[in-house]
Protein chains: 2
Amino acid sequence: MAIIAVGSVAYDSLKTPFGERERVLGGSATHFSMGASLFTKVNLVGVVGKDFREEDIELLRNRGVNLEGLVQKEGKTFFWKGEYRENLNEAITHDTQLNVFAEFDPVIPESYMDSNILFLGNIHPELQLKVINQVENKVKFIAADTMNLWINTTPEQLKEVIKRVNLIFVNDGEARLLTGEKIVVKAAKKILDMGPDFVCIKRGEYGASLFSKNDTALLPAFPVEKVIDPTGAGDTFAAGFLGYVDKYGNFSFDTFREGLKVGTVLSSFQIEDFSVDRMRTLTLTEVENRLNLFRKFIR
Amino acid sequence: MAIIAVGSVAYDSLKTPFGERERVLGGSATHFSMGASLFTKVNLVGVVGKDFREEDIELLRNRGVNLEGLVQKEGKTFFWKGEYRENLNEAITHDTQLNVFAEFDPVIPESYMDSNILFLGNIHPELQLKVINQVENKVKFIAADTMNLWINTTPEQLKEVIKRVNLIFVNDGEARLLTGEKIVVKAAKKILDMGPDFVCIKRGEYGASLFSKNDTALLPAFPVEKVIDPTGAGDTFAAGFLGYVDKYGNFSFDTFREGLKVGTVLSSFQIEDFSVDRMRTLTLTEVENRLNLFRKFIR
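Here, residues in each chain are numbered from 1, in the same order as that chain's written sequence. Chain labels run from A onward and ligand labels from 1 onward, assigned in the order the entries are written. Selection of residues for local features in this predicted model requires a pLDDT of at least 70, selection of side-chain atom pairs for listing and counting requires 80 or more, and totals for whole chains, interfaces and linings are taken over all residues. Heavy atoms throughout the structure, all of them, feed into the side-chain values; hydrogens and water do not.

Named according to an unreviewed UniProt entry, chain A is PfkB domain-containing protein originating from Thermotomaculum hydrothermale.

Okay, here's the thing in structure tokens:
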């Protein structure tokens, strides 16, 4: 089993109420790969510049992440400068430099085509569609993440993505924006009407829900005591969710229900430190222990 | 078994995105009594004016609510005019006329003293303390609700209340305000250090959590599809929670865990219509059915 992860690989300069970091490893494909590689094989697709550090390549390689689809181009790596203030659910962007990412043209290597799942990180819907065109009918399950920007600027392409994926990840604000429906469960149903089999609504520190035509799963968030940097929490949530699903190899709602719990717990670790730092040392035993505690809290 | 409910009995003029109502029945003791009377005997303590309608007396009496502690005084009933806009979790107050409530001096009738539980609705902490002084060592369990206003204006009296009750209800904003702690689970622990056995944190459409020194219960909200008027949701949540606990007659954490679910489901009905209108017709069978659905969603 394996998951193809397509998205940004970036350097982030971050400021949170708990500290600052300059040019640390980030990006949706990076965060997803660091999380999912705890559970399964990850085949990464992305682009970096000549400034991309060898130690960051090594980090991913040591996690068993397949980097055949990571292209290194002339120029600089995608750079994001962001800040979180009081509301840790909301990032304030100070600077975005697309750099080599501006010409990102994702090509899925032939050797990736026996993967089970495709995860499309939050990138331009046109790029997501390009990837879908390459792997449709080859992978068994396609999941995509998105954001407000694409709902506002490229709604038609985004709707085409939503129609063609099995699962779409949105947060509750995005679900409302996408459908014009204030009540989240109604918004979820309207998104299901757009074509996907599942809608996963992420609510940050308030938990997550999963909707299909016939089933609903609701989960509170893990009651974290330490929050240092929320960057990558959504990608890590998706990584735990899909990593678990891929490891257990079936797409039943009950497996997804467990996957939601794994994603919730994995992202509760992610936010405990800057960048990918918590994921560097996190063990499956730590995940299992917190998962058992979480199961006790919600039983 | 029985619960003493002390709080406001009021007339509300309400505006929500879904309509308006003039001078409809409201108040914390009213909402609590309407909800809890589905499960157990309620002994109400409150004050109303000469304008209080006979039909509203009848409504409560027909639910089996004991009105021996409801005093009728010269003057007008407590009046609140409020509005909810986009954010249904936040009420905007346009007018508050305390009227006879300004001189509310809660006296617990002797016949109420064999009650199991005392619920103190959101009123001035001085009044809550007056009631605690009368029933301490007589009832088995004391629960209190509060609000931002008292945290800001009478923090010392409120802390005395919190010290002397078994359970305090707060929302997450209030928990943060009360403790200066941003992370909710840390705020809950700080509140436990103030003296109560349990802290119940209500998060509106995001669910509820219960904390004791040794246990934690987390619950997402019921995914409501119909929201007309959020007024009274918190009191109805407390009513379902305490009503269930009183009906089952024990104060174990596992009973409380179930009580949280009942409170969540009961308040999901409350917000489906203005004032107490949904509670007028709600049956225990409807509650049971939704509770079963909720259990399926969160299993």
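1. Things to note about the overall build of chain A
Definition in use: Strands here are runs of E lasting at least two residues and helices are runs of H or I lasting at least four, both read from the DSSP assignment and numbered beginning at the N terminus. Radius of gyration: over C-alpha atoms. The globule rule applied is 2.2 Å multiplied by the number of residues raised to the 0.38 power. Exposure classes here rest on a 1.4 Å probe applied to the protein chains alone. A residue is buried below 20% of its type maximum, exposed above 50%, and partly exposed in between. Any pair of residues with heavy atoms lying within 4.5 Å of one another is described as a contacting pair. We treat Lys and Arg as the positive residues and Asp and Glu as the negative residues; His and chain ends play no part in the count. One atom stands in for each charge, and that atom is NZ of Lys, CZ of Arg, CG of Asp or CD of Glu.
A tally of helices and strands in chain A yields eleven helices and 13 strands. In terms of overall size, chain A behaves like a compact globule, its C-alpha atoms giving a radius of gyration of 18 Å where 299 residues would be expected to give roughly 19 Å. For chain A, the C-alpha atoms occupy an extent of roughly 50 × 40 × 35 Å along the three principal directions. Residues counted as buried form 62% of the 299 residues belonging to chain A. Considering only contacts in chain A between residues 6 or more positions apart, those separated by 24 or more positions represent 65%. A gap of 4 Å separates the mean positions of the 36 positive and 41 negative side-chain charges of chain A.

2. Thoughts on the relation of the copies chain A and chain B
Put simply, the second copy of the chain is the first one after a rotation about an axis and a shift along it. The criterion, for reference: Superposition of the copies used a least-squares fit over C-alpha atoms from residues whose pLDDT is at least 70 in both.
Overlay of chain A on chain B (RMSD 0.0 Å): rotation 180°, translation along the axis 0.0 Å. Those values place the two copies in the arrangement expected of a two-fold rotation axis. Relative to the rotation axis, the C-alpha of A:Pro220 is the closest in chain A, positioned 2.5 Å from it. Looking at chain A, 100% of its interface residues are interface residues in chain B too, so the copies touch through the same face.

3. So, the interface of chain A and chain B
Note the following rule: Computed with a 1.4 Å rolling probe, the buried area is the accessible surface lost when two parts are put together, summed over both parts. One speaks of a salt bridge when a side-chain nitrogen belonging to Lys or Arg is within 4 Å of a carboxyl oxygen belonging to Asp or Glu. Any pair of N or O atoms that falls within 3.5 Å is considered a polar contact. Within protein, one atom must be able to donate a hydrogen and the other to accept it, and sequence-neighbouring residues count only if both atoms are side-chain atoms. In this count, Pro and Cys sit with the nonpolar residues alongside Ala, Val, Leu, Ile, Met, Phe, Trp and Tyr, while Asp, Glu, Lys and Arg are called charged and the others, Gly among them, polar.
Of the residues lining the interface, 34 residues belong to chain A; the matching set on chain B comes to 34 residues. Overall, the association of chain A and chain B removes approximately 2,900 Å² of surface from exposure, summing both partners, and the carbon and sulfur fraction of that is 50%. Looking at the side of chain A facing chain B, the largest losses of area belong to A:Tyr206, A:Leu218 and A:Glu225, adding up to 23% of the total buried there. At the junction of chain A and chain B, the tally comes to eight salt bridges. Counting every contact that joins chain A to chain B gives 14 residue pairs in polar contact (both at pLDDT 80 or more). Elements supplying a minimum of two residues to the side of chain A that touches chain B: helix 6 (172–179), helix 7 (184–193), strand 13 (216–219), helix 9 (253–270) and helix 11 (284–298) of chain A. For the side of chain A that touches chain B, a count of residues per class yields 16 nonpolar, two polar and 16 charged.

4. Here's the deal with the pairing of strand 3 (residues 19–26) of chain B
Test applied: Two strands are counted as paired when DSSP detects at least two bridges linking them.
As paired elements, strand 2 (residues 10–16) of chain B and strand 3 of chain B share six bridges and run antiparallel to each other. Looking at strand 3 of chain B, one finds that B:Leu14 is bridged to B:Arg21.

5. Section: the nonpolar core
Just so we agree on the cut-off: Nonpolar cores were defined as sets of buried Ala, Val, Leu, Ile, Met, Phe, Trp, Tyr and Cys residues, with membership established by side-chain atoms within 4.5 Å.
Counting 111 residues, the largest nonpolar core has A:Phe169, A:Leu210, A:Leu242 and B:Val6 as the members making the most contacts within it. With near-sequence residues (within four places) excluded, A:Leu242 lies in contact with A:Ile3, A:Phe32, A:Ile117, A:Phe119, A:Phe141, A:Ala143 and A:Phe169. A:Ile162, B:Leu38, B:Leu60 and B:Met279 belong to the second largest nonpolar core, which has 104 residues in total.

6. Observations concerning the packing of aromatic side chains
The test is simple: In summary, the pairing rule links any two rings of Phe, Tyr or Trp, Trp by its six-membered ring, whose centres are within 6.5 Å, and it sorts them by plane angle into stacked for under 30 degrees, edge-to-face for over 60 and tilted for everything else.
Counted under the stated rule, the structure contains 36 aromatic pairs over all chains. Here the aromatic rings of A:Tyr11 and A:Phe52 are separated by 5.4 Å at their centres, their planes lie at 25°, and the arrangement is stacked. With A:Tyr11 in strand 2 (residues 10–16) and A:Phe52 in the loop between strand 4 (41–48) and helix 2 (54–62), this residue pair connects regions lying 41 residues apart in the sequence. The two residues A:Tyr11 and A:Phe52 agree in class, both being buried. Consider the rings of B:Phe32 and B:Phe119, whose centres lie 4.2 Å apart with planes at 10°: the pair is stacked. Of this pair, B:Phe32 sits in helix 1 (residues 28–36) while B:Phe119 sits in strand 8 (residues 117–120), and the two are 87 residues apart along the sequence. Residue B:Phe32 is classed as buried on the basis of its relative accessible area, which comes to 0%.

7. Thoughts on the sheet that holds strand 3 (residues 19–26) of chain A
All names here are of chain A. Spelled out, the test is: Convention adopted: a line fitted to C-alpha atoms gives each axis, helices being fitted over their contacting stretch, and angles between N-to-C directions are expressed from 0 to 180 degrees.
Spatially, the four strands line up as an open sheet ordered 3-2-6-7, and their pairing is mixed. Each edge of the open sheet is held by one strand with a lone partner, namely strand 3 and strand 7 (91–97). Within the sheet, the average angular offset between the axes of one strand and its neighbour, ignoring direction, is 15°.

8. With respect to the pattern of salt bridges
Residues and elements named next belong to chain A. On inspection of all chains with the given rule, the structure shows 44 salt bridges over all chains. In this structure, the salt-bridge partner of Arg53 is Asp56, at a minimum N-O distance of 3.1 Å. Arg53 gets classed as partly exposed once you look at its relative accessible area, which sits at 27%. Each of Glu272, Arg278, Glu286 and Arg290 takes part in a single network of salt bridges with overlapping partners.

9. Describing the sheet that holds strand 7 (residues 91–97) of chain B
All names here are of chain B. Spatially, four strands are ordered 3-2-6-7 in an open sheet, and the strand pairing comes out mixed. At either end of the open sheet lies a strand with only one pairing partner, and these are strand 3 and strand 7. Put simply, the sheet's adjacent strands are angled 15° from each other on average, direction ignored.

10. Structural notes on the side chain of A:Thr255
Of note, A:Thr255 is situated in helix 9. Residue contacts for A:Thr255: discarding those within four places in its chain leaves A:Tyr244, A:Val245, A:Tyr248 and A:Asn250.

11. Here's the deal with the environment of B:Glu181
All names here are of chain B. Relative to the elements of secondary structure, Glu181 occurs in the loop between helix 6 (172–179) and helix 7 (184–193). Among the residues examined, Glu181 registers a relative accessible area of 16% and is labelled buried. Glu181 has contacts with Arg176, Lys186, Ala187 and Lys190, leaving out every residue within four places of it along the chain.

12. A word on the packing of helix 6 of chain A against helix 7 of chain A
All names here are of chain A. To keep things clear, this is the line we draw: An angle below 35 degrees is treated as roughly parallel, one above 145 as roughly antiparallel, one from 65 to 115 as roughly perpendicular, and anything else as oblique. Each helix crossing is assigned a hand: it is left-handed if the near helix lies turned anticlockwise from the far helix by less than a right angle, otherwise right-handed if that turn is clockwise.
At a minimum axis distance of 9 Å, the contact between helix 6 and helix 7 shows a crossing angle of 60°. The angle between helix 6 and helix 7 falls in the class oblique. Judged by the sense of rotation from one axis to the other, the crossing of helix 6 with helix 7 is left-handed. Here Asp172, Ala175, Arg176, Leu178 and Thr179 of helix 6 come into contact with helix 7, specifically with Val184, Ala187, Lys190 and Ile191. Among the residues making up the contact of helix 6 with helix 7, the classes are represented as five nonpolar, one polar and three charged.

13. Details of helix 3 (residues 125–135) of chain A
Residues and elements named next belong to chain A. Taken residue by residue, helix 3 has Pro125, Leu127, Gln128, Leu129, Val131, Ile132 and Val135 as its buried positions. On the buried face of helix 3, the contacting elements are strand 1 (2–6), strand 8 (117–120), strand 9 (141–145), helix 4 (148–153) and helix 5 (155–164). Two residues or fewer past helix 3, Asn137 is found with a positive phi of approximately 70°.

14. As for the pairing of strand 1 (residues 2–6) of chain B
All names here are of chain B. Most of strand 1 sits inside the fold, with five of its five residues counted as buried. Side chains Ala2, Ile4 and Val6 of strand 1 all project onto a buried face; the interleaved residues Ile3 and Ala5 project onto the opposite face, where all are buried too. Note that strand 1 and strand 4 (residues 41–48) share five bridges and pair parallel. Directly across from Ile3, in strand 4, lies its bridge partner Val42.

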